[in-house]
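As a plain string of letters, each chain reads:
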Amino acid sequence: MNEQRTEHLAFIPCSISMARSLLLHADVLRKNAPVFIPECLPSVQAKATLPYVIEGLEEEIEPLSWLWFVIDLEKKKMIGEFILGKKRHDDNILHFTLTFDSVDSEIAYAEDSIDWLLFFLEKKRIKYVITEVGKGARMAKAILDKKGFQSFTKGDFIQLVREIR
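We now turn to the structure provided with this report. (Residues numbered from 1 in each chain as written. Predicted model: local features only at pLDDT ≥ 70, side-chain atom pairs only at ≥ 80, totals over all residues. Heavy atoms only, no water.)

**Remarks on the packing of aromatic side chains**
Geometry of an aromatic ring pair is reported as the spacing of the ring centres plus the angle between the planes.
Moving on, step 1. A full pass over the atoms with the stated rule returns nine aromatic pairs.
Moving on, step 2. Taken together, a centroid distance of 4.2 Å and an interplanar angle of 5 degrees make the contact between F11 and W116 stacked. Linking F11 in strand β2 (residues 9-13) with W116 in helix α4 (residues 103-122), this pair joins segments that are 105 residues apart in sequence.
Moving on, step 3. With relative accessibility at 0%, the residue F11 sits in the buried group.
Moving on, step 4. Since its relative accessible area comes to 4%, W116 is described here as buried.
Moving on, step 5. Seen from their ring centres, W68 and F120 are 5.0 Å apart, and the 70 degrees between their planes marks the pair as edge-to-face. With W68 in strand β3 (residues 65-72) and F120 in helix α4, this residue pair connects regions lying 52 residues apart in the sequence. Assigned by exposure class, W68 and F120 land together as buried.
Moving on, step 6. Among the aromatic residues, those joined into a ring-pair cluster are F11, W66, W68, F82, F96, W116, F120 and F149.
Moving on, step 7. Taking NZ or CZ as reference, K124 lies 5.9 Å from the ring centre of W66, over its face. (Phe/Tyr/Trp six-rings, centres within 6.5 Å; stacked < 30°, edge-to-face > 60°. Helix = DSSP H or I, 4+ residues; strand = E, 2+ residues; numbered from the N terminus. Buried < 20%, exposed > 50% of the residue type's maximum accessible area, 1.4 Å probe, protein only. Lys NZ or Arg CZ within 6 Å of the ring centre and 35° of its normal.)

**Some words on the nonpolar core**
Moving on, step 1. Grouped together as the largest cluster of nonpolar side chains are 29 residues, with contacts concentrated most on F82, L84 and F96.
Moving on, step 2. Counting only elements with at least two residues in this core, the list comes to β2, β3, β4 (77-87), β5 (90-100), α4, β6 (128-134), α5 (138-146) and β8 (157-163).
Moving on, step 3. For this core, the leading source of residues is α4, giving eight residues.
Moving on, step 4. With residues near it in sequence (within four places) discarded, F96 still touches F82, I83, L84, I114, L117, V129, I130, T131, L144 and F149.
Moving on, step 5. In terms of nonpolar packing, the next biggest core, distinct from the first, is built from 18 residues, A33, V35, L50 and I83 among them. (Core = buried A, V, L, I, M, F, W, Y, C linked by side-chain atoms within 4.5 Å. Contact = heavy atoms within 4.5 Å.)

**Section: the pairing of β2**
Moving on, step 1. Most of β2 sits out of view: four of its five residues are buried.
Moving on, step 2. Relative to β2, strand β1 (residues 4-5) runs antiparallel, the two being bridged by two bridges. Of the residues in β2, the one forming a bridge with Q4 is F11.
Moving on, step 3. Counted along the chain from β1 to the antiparallel partner β2, the turn is three residues long. (Pairing = 2+ DSSP bridges.)

**Let's talk about helix α3 (residues 44-58)**
Moving on, step 1. If you check α3, its first and last C-alpha atoms are 22 Å apart, about what 15 residues at 1.5 Å a residue would give, namely 21 Å.
Moving on, step 2. By the largest-angle criterion, L50 marks the main kink of α3, which is about 35 degrees, and a proline, P51, follows within four residues.
Moving on, step 3. Of all the positions in α3, only A46, T49, L50, V53, I54 and G56 are classed as buried.
Moving on, step 4. Backbone geometry just downstream of α3 places E60 in the positive-phi region, at approximately 55 degrees. (Expected span 1.5 Å × (residues − 1). Bend = angle between axes of the 7 residues up to and from the residue.)

**Observations regarding the pattern of salt bridges**
Moving on, step 1. All told, the structure shown has eight salt bridges when counted by the stated rule.
Moving on, step 2. Residue R30 pairs with E39 through a salt bridge whose shortest N-O separation is 3.6 Å.
Moving on, step 3. Given the relative accessible area of 16%, R30 is considered buried.
Moving on, step 4. Residue D101 pairs with K77 through a salt bridge whose shortest N-O separation is 2.8 Å. With D101 in the loop between β5 and α4 and K77 in strand β4, this pair connects stretches of sequence that are 24 residues apart.
Moving on, step 5. We classify K77 as partly exposed; its relative accessible area is 22%.
Moving on, step 6. Through salt bridges that share partners, E111, D115, K146 and K147 make up one connected network. (Salt bridge = Lys/Arg side-chain N within 4 Å of Asp/Glu carboxyl O.)

So, to be careful, I would describe these as geometric facts and stop short of saying anything about function.
Structural data, given as structure tokens:
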């Protein structure tokens, strides 16, 4: 997997060396990285996927969980991350989580990030993409609704589903 770009953003897949550095030497990586990495990234959830990413890449199989970092090209700063996960028994459905470092980054780049994800998934064998947001996440829900996601209420969360064509 190679870096991919939009006009303002770069999407960089987590490599074996980056995953190991984030797990073992995050402070050194932050000091020496060509982009600024805020303390809030990677998120706790992303850190939990790193061993699976490493295992999948070492075995040269497509990992069940992909981790992509979102970089603001102008600011040379990591502003977010995508966690993409398939279930072992179903290669047609992909769950995703998109996390940003700040509300400002989310406002500025959430729509571009979702556009990139949908374009990226068109090249894969994915038929449906699913995410969940809290009922209070009006902005995220509005963006996903605009991108063709269907909403379903599940307790305190809203599940959003979209078919990939």
